[in-house]
Amino acid sequence: MNKYVKVMFDTTSGAKSDFEYKVNEVNISSNWNPTAEKGRDFGGFNYATEDCILRWLHRGDTIYDVEVPKDAEVVKLDGATIVYRTNKIIIRNPRKVDDELALYFYKISKIPEKSYYKALGAVSLMNYIKTAYTILKEKVNKNNIDDVLEELNMKYINLEELGK
């Protein structure tokens, strides 16, 4: 059985910061459109499985276990990684993410190869040095470095701006 988790900055989402989550209570979204065609238009609350959360660690410094109430609506969004959205969510068991926890998420991760390059950017931004080094050592080589740099340039930093 999958364990669902959500990463946030304390009780505020790194994706949308105008909602303050309540721990151990049902949180209900005021914006929910399960028939939307684009991910951002769904509204609701996003979460992922533990084996996909590595990609999203830039969205916060605290990880929560997620419980979805039985009467909640859920949409599964398949993309580079799988993300779930729901109109109701309960978050529990807050833990600060540190390098050891990030490394654990890397070791259990099951994400597409290209998503590891994005994850490398995420863990680097969050200063999870051991995790970043491990991903770099295990996933980056002379055959894929151009792809890695392209993903980092597109998603996290503009490498051309660094040269100015």
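Residues numbered from 1 in each chain as written. Predicted model: local features only at pLDDT ≥ 70, side-chain atom pairs only at ≥ 80, totals over all residues. Heavy atoms only, no water.

Caption draft 1: Just the pairing of strand E6 (residues 82-86), in detail. For E6, the buried fraction is high: 4 of the 5 residues fall into the buried class. Alignment of strand E3 (residues 45-49) against E6, held across 3 bridges, turns out to be antiparallel. Each residue of the ladder has a partner; that of Phe45, found in E6, is Thr86. Across 5 bridges, the pairing between strand E5 (residues 74-78) and E6 is antiparallel. Bridge pairing links Leu77 to Val83 in E6. (Buried < 20%, exposed > 50% of the residue type's maximum accessible area, 1.4 Å probe, protein only. Helix = DSSP H or I, 4+ residues; strand = E, 2+ residues; numbered from the N terminus. Pairing = 2+ DSSP bridges.)

Caption draft 2: Focus on the nonpolar core. In this structure, Ile53, Leu54, Leu57, Ile63 and Val97 are the most contacted members of the largest nonpolar core, which totals 29 residues. Elements with a minimum of two residues in this core: strand E1 (4-8), helix H1 (99-108), helix H2 (113-125), helix H3 (129-139) and helix H4 (145-155). Membership of the second largest hydrophobic core comes to 9 residues, among which are Met8, Tyr21, Phe45 and Tyr84. (Core = buried A, V, L, I, M, F, W, Y, C linked by side-chain atoms within 4.5 Å.)

Caption draft 3: Spotlight on the side chain of Asp99. Topologically, Asp99 is positioned in helix H1. The buried charged residue Asp99 lacks any salt bridge partner; its closest oppositely charged side chain belongs to Lys130, at an N-O distance of 5.7 Å. Not counting the four nearest positions on each side in its chain, Asp99 is found in contact with Tyr128, Ile129, Lys130 and Thr131. (Lys, Arg positive; Asp, Glu negative; His and termini not counted. Salt bridge = Lys/Arg side-chain N within 4 Å of Asp/Glu carboxyl O. Contact = heavy atoms within 4.5 Å.)

Caption draft 4: Expanded view of the environment of Ser115. Checked against the element boundaries, Ser115 lands in helix H2. Between the C-alpha atom of Ser115 and that of Arg55, which follows or precedes it by 60 residues, the distance is 6.5 Å.

Caption draft 5: Broad picture of the sheet that holds strand E2 (residues 26-28). With antiparallel pairing, the 7 strands of this open sheet are ordered in space as E2-E7-E4-E1-E3-E6-E5. Since the sheet does not close on itself, it has two edges, and those belong to E2 and E5, each with one partner. Within this sheet the neighbouring strands show an average axis-to-axis angle of 40°, counted without direction. The pairing of strand E4 (residues 62-67) with strand E7 (residues 88-96) spans 5 bridges and is classified as antiparallel. Bridging across to E7, Asp65 finds its partner in Arg92. (Axes fitted to C-alpha atoms, helices over the stretch in contact; angles between N-to-C directions.)

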